2 protein chains.
Amino acid sequence: MAFQLHPKLQADTHLISSTAQCQILLMDDARYPWIILVPQVTEIRELYELDEQQQQHVYRTILRVSKGLAQYTNAEKMNVAALGNQVPQLHIHIIARFERDAAWPAPVWGVGNAEPYTPQQLEQMLKDLATVLD
Amino acid sequence: MAFQLHPKLQADTHLISSTAQCQILLMDDARYPWIILVPQVTEIRELYELDEQQQQHVYRTILRVSKGLAQYTNAEKMNVAALGNQVPQLHIHIIARFERDAAWPAPVWGVGNAEPYTPQQLEQMLKDLATVLD
């Protein structure tokens, strides 16, 4: 079965770039620099269900994107999480956190409402991140 | 500098077992089967700051513990997260989630108060998990 991005992820994010096996997406929430990594594997909900090769690729991508986003944003802390209680398709949150942000020190999930980027902000973020994470 | 477990993790958890490089701890909260993995590395806050060998060991341990805890608890979903906004020492949460649990479908952090295990429950959990995760 061909991989299809979950409709909720489709609705909430914009594509930054793709690797051979992952989509790298920007969450449309200007409150936090927030990337979502989606392994393009069907019918998988848990990291440990990936095969060995996929596990390695996903882990390397998590570390590369975390480090790149941390450096680009000068983050005070990175939050990395695979939850999936609401969206069953395996996806990994990679979020740059700051002591001044809207949820600090709590996790970001369930805090207030997303504040979409302006078209100009969005264009700049996607362009910058595509370069930084290349 | 010798590794020392952060006082907050020391206070909130019990040791299940150790690997060569990680402590595997049980969160003392009977509401969720909740393991915390702590790489025994000093002065590291982010996964990507581990060296290559440590990264591999930690990732393999995350996957092994996630799968073991999922199977032991018959979890509906595993939550895996490295946050560290409040406790700066690098630690990874591995939590078995159920649709009937106290926080579902939200993440567990910041929801109500921990409910410690009874001494009997705790003894059983530690014994079972040491076997399951061996």
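In short, a report on the structure. (Residues numbered from 1 in each chain as written. Chains lettered and ligands numbered in written order. Predicted model: local features only at pLDDT ≥ 70, side-chain atom pairs only at ≥ 80, totals over all residues. Heavy atoms only, no water.)

Right, let's talk about the pairing of strand β3 (residues 34-39) of chain A for a bit. Residues and elements named next belong to chain A. A large share of β3 lies buried, amounting to six of its six residues. Alternating positions in β3 separate into two faces, Trp-34, Ile-36 and Val-38 on one and Ile-35, Leu-37 and Pro-39 on the other, with burial throughout. Bridge analysis of strand β2 (residues 22-27) against β3 gives five bridges, and the strand direction is antiparallel. Looking across to β3, one finds that Gln-23 is bridged to Val-38. The turn joining β2 and β3, which pair antiparallel and follow one another in sequence, is formed by six residues. (Buried < 20%, exposed > 50% of the residue type's maximum accessible area, 1.4 Å probe, protein only. Helix = DSSP H or I, 4+ residues; strand = E, 2+ residues; numbered from the N terminus. Pairing = 2+ DSSP bridges.)

Structurally, the position occupied by Gln54(A) is in helix α2 (residues 52-73). For Gln54(A), the residues in contact, after removing those within four places along its chain, are Gln21(A) and Val41(A). (Contact = heavy atoms within 4.5 Å.)

Where α2(A) meets helix α2 (residues 52-73) of chain B, the axes come as close as 12 Å, and the angle between the chain directions of the two elements is 120°. Taken together, the axes of α2(A) and α2(B) lie oblique to each other. Read as a crossing pair, α2(A) and α2(B) show a hand that is right-handed. Across from Glu52(A), Gln55(A), Gln56(A), Val58(A), Tyr59(A), Arg60(A) and Leu63(A) in α2(A), the residues of α2(B) making contact are Glu52(B), Gln55(B), Gln56(B), Val58(B), Tyr59(B), Arg60(B) and Leu63(B). When its residues are assigned to classes, the contact of α2(A) with α2(B) shows six nonpolar, four polar and four charged. (Axes fitted to C-alpha atoms, helices over the stretch in contact; angles between N-to-C directions. Parallel < 35°, antiparallel > 145°, perpendicular 65-115°, else oblique. Left-handed = near helix turned anticlockwise from the far one by under 90°. Nonpolar A, V, L, I, M, F, W, Y, C, P; charged D, E, K, R; others polar.)

What follows is about the sheet that holds strand β5 (residues 92-97) of chain B. Here we have ten strands laid out as an open sheet, ordered β1(A)-β2(A)-β3(A)-β5(A)-β4(A)-β4(B)-β5(B)-β3(B)-β2(B)-β1(B), and antiparallel in their pairing. Two strands close off the open sheet at either side, each with one partner strand: β1 (13-18) of chain A together with β1 (13-18) of chain B. Strand-to-strand twist across the sheet, computed as the mean angle between neighbouring axes with direction ignored, equals 25°. In the sheet, β3(A) pairs with strand β5 (residues 92-97) of chain A via four bridges, with the strands oriented antiparallel. Note that in β5(A) the partner of Trp34(A) across the bridge is Ile95(A). Strands β2, β3, β4 (77-82) and β5 of chain A of the sheet are contacted by α2(A), whose axis makes an angle of about 20° with β5(A). Across the sheet, α2(B) lies against β2 (22-27), β3 (34-39), β4 (77-82) and β5 of chain B, angled at about 20° from β5(B), the strand it touches most.

Counting residues at the interface gives 31 residues for chain A, matched by 31 residues for chain B. Buried surface at the junction of chain A and chain B, both sides included, amounts to about 2,900 Å², of which 55% is carbon and sulfur. Considering only the side of chain A, the residues that lose the most area to chain B are Tyr48(A), Tyr59(A) and Asn85(A), jointly responsible for 25% of the buried surface there. Our count for the chain A to chain B interface comes out at four salt bridges. Counting across the chain A and chain B interface gives 21 residue pairs in polar contact (both at pLDDT 80 or more). Mapped by element, the contributors of at least two residues to the side of chain A that touches chain B are α2 and β4 of chain A. Ranked by residue count, the leading element in the side of chain A that touches chain B is α2(A), at ten residues. Its residues placed into classes, the side of chain A that touches chain B shows 16 nonpolar, seven polar and eight charged. (Buried area = accessible area lost by both parts, 1.4 Å probe. Salt bridge = Lys/Arg side-chain N within 4 Å of Asp/Glu carboxyl O. Polar contact = N/O pair within 3.5 Å; in protein donor to acceptor, adjacent residues only side chain to side chain.)

Moving on to the relation of the copies chain A and chain B. Aligned on chain B, chain A shows an RMSD of 0.0 Å; the corresponding rotation is 180° and the shift along the axis is 0.0 Å. Put plainly, the chains are arranged around a two-fold axis. No C-alpha of chain A lies nearer the rotation axis than that of Ala81(A), which sits 2.0 Å from it. (Least-squares fit on C-alpha atoms with pLDDT ≥ 70 in both.)

Residue and element names in this part refer to chain B. Interhelical geometry of α2 versus helix α3 (residues 119-132) gives an angle of 125° and a closest axis separation of 10 Å. The orientation of α2 relative to α3 falls into the category oblique. The element α2 and its partner α3 pack so that their crossing is right-handed. Contacts from Gly-68, Leu-69 and Tyr-72 in α2 reach Met-125, Asp-128, Leu-129 and Val-132 in α3.

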